[in-house]
Amino acid sequence: MNIRKISILMAAGIGIAVHAFSQYSWTRLPEIASPVFKKDTFNITRYGAVPDGITLNTTAINNAITACSRNGGGVVLVPEGLWLTGPVVMKNNVNLHLKSAATLLFTPDKSQYALVEGLYEGRSAARNQSPVSGSNLHDIAITGKGVIDGNGDVWRAVGKGQLTESEWKKKVASGGVLGKNGNEWYPSEQYKAAKEQGMSMLLVPGKLLEEYAVMKDFLRPNLVALNNCKRVLLEGVIFQNSAAWCLHPSLCEDLTLRNLLVKNPAYAQNGDGADIESCRNFLIEGCTFDVGDDAICIKSGKDEEGRRRGKPTENGIVRNSIVYKAHGGFVIGSEMSGGARNIFVYNCTFVGTDKGLRFKSTRGRGGVVEKIYAKNIFMKDIVEEAVFFDLYYFVKFATDSQRDERPQVNEGTPVFRDMEFDNIVCNGAKKAIFIRGLPEMPVKNIRISNSVFKTTIGKELTDADNIVLDNVRMDTQVPRDTSFAVWSTYQKQRLKFPFIKIASPTPPAGMKQAMDVPYREASGRSLLLDVFYSKEKQRKPAVLLIFGGGWHSGDKTHNHAMAVELVKRGYVAVSAEYRLSGEAQYPAAVQDLKAAVRWMRAHAGEYGIDTNHIAALGCSAGGQLAALMGATNGAPKFEEGNIAHSSAVQAAIDIDGILAFKHPESAEAGAASEWLGGTYEEKPELWKEASALTYAGSNTVPMLFINSSFSQFHAGRNDMMRVLKEHKIYSEAHELPDTPHPFWFFDPWFDKTMDYSTAFLQKVFR
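**Digging into the sheet that holds strand β15 (residues 184-186)**
Then, number 1: Across the sheet, which stays open at both edges, the three strands sit in the order β13-β15-β14 with antiparallel pairing between neighbours. Of all strands in the sheet, those with a lone pairing partner are β13 (158-159) and β14 (177-178), marking the two edges.
Then, number 2: Pairing of β13 with β15, which is carried by two bridges, proceeds in the antiparallel orientation. The partner of Gly159 across the bridge, within β15, is Glu184.
Then, number 3: Seen against the sheet, helix α2 (residues 165-173) touches β13, β14 and β15 and runs at an angle of roughly 35° to β15.
Then, number 4: Across the sheet, helix α3 (residues 189-196) lies against β14 and β15, angled at about 125° from β15, the strand it touches most.

Here is the structure:
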C-alpha cells in the first residue's frame, strides 16, 4: 500500500463538538411531503394489456397512464400476471399500482428502448430509455406488492470468474460474444467493440444523438429514472434485475422510498440499489437491498458538470432498512461534486456488505459533504471496512474527462467534514475504521462514539484531522497483553518514588504526526507505526523507537513522549508495533522491526528522513531488540518480505535491555521462554541466537547503554563493550543510580535519558 503523508489529531474520550446541526437535528428531522391521489382506478386490461408473458403491452400500459393523468390522476392498476412490456413513462398524478403476483417484465428486445439524453454517473450522456422513467412531474408513485424486472442479463457483460462453471457454460451457450482473453462475456459484438475501443457515451456539442447508435447495446439503462420530479413515492414493490442502477431519482424533491425490496445479481456491474442524486427532502425507510454495487448511495453530479449544477443532496432520512450483498451499505460518492448535507441514518443493518458506511471521492470532484449523522447501525460479516473514507477513490472510465489532480486546494478539491456516528456495532470486518484524506484537504471533524468493532484490524488513518473516538471499543483479533502499561507502572513505582511524574514533553511548533500507518502485512493483519516529524524540508536523522514489556506486553504509544522530545531535538521519530509472543514467537519481532526500518527508507521523502542516519532505540525488551538489530545488519535469518530497501541501522541505544539471555548476570526465565518457545534447557541454540552478544564483531554498529542500578537488566553489556572496543567501534554506558527499571517513563530521569541519547547520536552521526 502506498501510504501518503498524514496530518491528524486523535482524541479519545473527550468532548469535542462537531459543527452545529444547522436547522436540523435528531429532535428535528427533515420533513418530506407525500403525494396524494384520486381514488379513480384505471385497469391496464381495459386498454388491451394481456398477462401471458408473450404479448408486448407497452402501448396498453402507457395509454392507461396517459388516460389516468388526463383525468386528473388516480391509480393505474396492474393485476396479477406476467406483463411483458417496453418502456413505461410516468405522468402527473399517477400511482402505478402492482398487485401481489403482478410482474412487469421488460422486454429483451433492445429496439424498443429509444436513445435518449440521460445521465451516466452524474454527467450528461446518451442512454437507452429506462424501463420506467419520468421527467418534470409532480405527484407520482409506484406502489403495491408486485415485481418490476428489468431483464438486466440481456444488457450486462460478465466475467468468467463471477459465475460458477455451469453458469458460465450456460451464459456462453446463450449467445453473445467473448472478449479477447475468453474470460469476459459480452451481449453483442457492438457491446464488445464499444468496451474494447473505449467509446464514450458523454454528450458533446455538435454530436447528434443518433450518432451514438453505433454503441447502443453498450448504453445500459437504469431501471427507474425520475428527473426533476416533486412528491414521489415508491412503496412496497420489488425492483430487480436492472441493467445498471436500479432506482435513480435525480433533482427530485420530496421523495419517499418505503418498504421496497431492491435486488440485483452480485455480479451486476453498476448494479446499485438506490442512487439519490441532487435530491432535496427524501426518506428511505423499511427497505431491503441485495445488489451488485452500492446499496443506498448519495450522489450529486460529477466533476465540473456537477459543480456547475450546484445541487447538493440534502435533508434526508435513511432508517429501518437492511442491506445484504453490496459494495457499501450507506454510501456517499464518488460523484458528489454538488455536495451532500443534513442526512440522518439510523436503525439500519448491514449483513455481508463489502463496506458499511462508505464515503469516497477524489481530486477533481470538488463538493462539500458535511453534517452527516448516523446512529444505531448494526453490521455483521463486513468483508472489508466498517467505516470507510477514501479521497483517493478513482476508477478510470471512458466517460471521464481530464481532472486537475494537482495536490492543491481549488474548486476541484473534495471536502468531507463535520459528521457524527453513534452506537455503531460491527461484529466481523477486516478493519474497523479507514480514513484517507488528502494532504491538502484532510477528512476532518469526525466523531465516532459509544461504538464496538470486532474486527481483524482496528483503525488506519491518513490525512485526517480531529478524528474523535469517544468510548469506542475495538476488539481486534490480535492478542493483547496490557500487563505492562505506563499508568499502572506509575501507580506501582510512585509508592517507592513519590516524587515521580509521567514524562509529557510539550510538542514543538510545527510537529506533525502520522498515526497508525501500516508498514507491513504479517499474521493476516497490518502492523502499524506512528511517525513524528517536523514540517521542515531538510532531511533529518531518524530513530526507530521500540517499546518494552517482556516481549509479551507493551504498546507503541509507550514511546510517544520520547518521540515528541526527539522531534524537538531535531530528529524524526518512528514508534512501531511488532508481534509479541502471544501472536508470534522469535524471530517475528526482529523481522517486523527490520521491516519498519525498510519502510522508513522507502518513505524517507515523505517524512524528511536522512536514510544514512537511522538508529534503533529500545527500552527493556525493546532495548534487547535494538541491540540485536545493531548487531545483525544484513543477517539473512532476520530479513523477510520486500528487501528493496536496506534494514540496516547505523546506531543502537539499549535502555536497560539484556545483551545475552544466558549469562551470569542474567535472570531471564518465563518471559524469555515464552518468546523463544522454550526454556534454555529445551532451546539452548535459540537463546544464543537471540542474543546480541552472539553477533558482536566488526559489523556491529556504535552502541549506547543506559541502565538502571539493576544489573540483571544489562546482562552481557560489559562483554559487548569489550568486543566493540577490540574492533574499534564506539560505545558508552551510563547508569542512573537509585532508579526503578522503567525509569525512562518518568521525570526526573526522562530528560537525562534523552540527553544521553541525543548526545550519543550527535557523536556517531556527525
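**Focus: the pairing of strand β36 (residues 457-462)**
Then, number 1: For β36, a buried count of five out of six residues is recorded, marking the element as mostly surrounded by other parts of the structure.
Then, number 2: With five bridges connecting them, strand β34 (residues 431-436) and β36 associate as parallel partners. Following the sheet pairing, Ile435 is matched in β36 by Leu461.

**Considering the sheet that holds strand β39 (residues 511-522)**
Then, number 1: Pairing is mixed across the open sheet formed by eight strands, whose spatial order is β39-β40-β42-β41-β43-β44-β45-β46. What marks the edges here is a single partner per strand, and that holds for β39 and β46 (731-735). Taken over all neighbouring pairs, the strand axes of this sheet differ in orientation by 20° on average, direction set aside.
Then, number 2: Pairing analysis gives four bridges linking strand β44 (residues 651-655) to strand β45 (residues 703-707), with the strands arranged parallel. Across the sheet, the residue bridging to Ile653 is Leu704, located in β45.
Then, number 3: Each of β39, β40 (525-534), β41 (540-546), β42 (572-576), β43 (609-619) and β44 is contacted by helix α6 (residues 560-568), which is oriented at about 35° to β40, the strand it contacts most.
Then, number 4: Where helix α13 (residues 750-765) meets the sheet, it contacts β41, β43, β44, β45 and β46, and its direction lies at approximately 160° from that of β44.

**A short note on the packing of helix α7 (residues 588-602) against helix α9 (residues 621-631)**
Then, number 1: The interhelical angle for the contact between α7 and α9, taken along N-to-C directions, is 65°, at an axis separation of 10 Å. In terms of orientation, α7 and α9 fall into the roughly perpendicular class. Relative to α9, the crossing made by α7 is right-handed. Between α7, through Ala589, Val590, Leu593, Lys594 and Val597, and α9, the contact on the second element is made entirely by Leu625, Leu628 and Met629.
Then, number 2: Partitioning the contact of α7 with α9 into residue classes produces seven nonpolar, no polar and one charged.

**Section: the packing of α6 against α13**
Then, number 1: For the pair α6 and α13, interaxial distance at closest approach is 11 Å and the crossing angle is 55°. Between α6 and α13, the crossing angle belongs to the class labelled oblique. Note on packing geometry: the crossing formed by α6 with α13 is right-handed. Residue-level contacts link Ala561, Met562, Glu565 and Leu566 of α6 to Phe750, Thr753, Met754 and Thr758 of α13.
Then, number 2: Taken together, the residues of the contact of α6 with α13 break down into five nonpolar, two polar and one charged.

**Quick look at the environment of Gln650**
Then, number 1: Along the chain, the position of Gln650 falls in the loop between α9 and β44.
Then, number 2: Considering only alpha carbons, one finds Gln650 and Met703, 53 residues apart in sequence, at a separation of 9.3 Å.
Then, number 3: In this view, Gln650 contacts Arg601, Thr611, Asn612, His613, Ile614, Val701, Pro702 and Phe765; residues no more than four positions away in its chain are not counted.
Then, number 4: One polar contact links Gln650 to Arg601, side chain to side chain, over a distance of 3.3 Å.

**Some details on the nonpolar core**
Soluble, globular proteins show a tendency: their nonpolar side chains are buried together.
Then, number 1: With 97 residues, the main nonpolar core has Phe330 and Phe421 as its most contacted residues.
Then, number 2: When sequence neighbours within four positions are dropped, the list of residues in contact with Phe330 reads Ile296, Ile298, Val318, Ile343, Val345, Phe350, Gly356, Leu357, Arg358, Phe359 and Ile372.
Then, number 3: Counting 61 residues, the second largest nonpolar core, distinct from the first, contains Ala692, Ala696, Val701 and Ile729.

**Observations regarding the side chain of Asn241**
Then, number 1: As for its position among the elements, Asn241 is in the loop between β18 (238-240) and β19 (247-250).
Then, number 2: Looking at Asn241, the relative accessible area reads 16%, which means it is buried.
Then, number 3: Reaching out from Asn241, the side chain makes a polar contact with the side chain of Asp149 at a distance of 3.3 Å.
Then, number 4: Once residues lying within four places of it in the same chain are set aside, the contact partners of Asn241 are Asp149, Gly150, Asn151, Gly152, Asp153, Arg156, Lys263, Asn264 and Pro265.

Reading the values: the criteria
Residues numbered from 1 in each chain as written. Predicted model: local features only at pLDDT ≥ 70, side-chain atom pairs only at ≥ 80, totals over all residues. Heavy atoms only, no water. Pairing = 2+ DSSP bridges. Helix = DSSP H or I, 4+ residues; strand = E, 2+ residues; numbered from the N terminus. Contact = heavy atoms within 4.5 Å. Axes fitted to C-alpha atoms, helices over the stretch in contact; angles between N-to-C directions. Buried < 20%, exposed > 50% of the residue type's maximum accessible area, 1.4 Å probe, protein only. Parallel < 35°, antiparallel > 145°, perpendicular 65-115°, else oblique. Left-handed = near helix turned anticlockwise from the far one by under 90°. Nonpolar A, V, L, I, M, F, W, Y, C, P; charged D, E, K, R; others polar. Polar contact = N/O pair within 3.5 Å; in protein donor to acceptor, adjacent residues only side chain to side chain. Core = buried A, V, L, I, M, F, W, Y, C linked by side-chain atoms within 4.5 Å.

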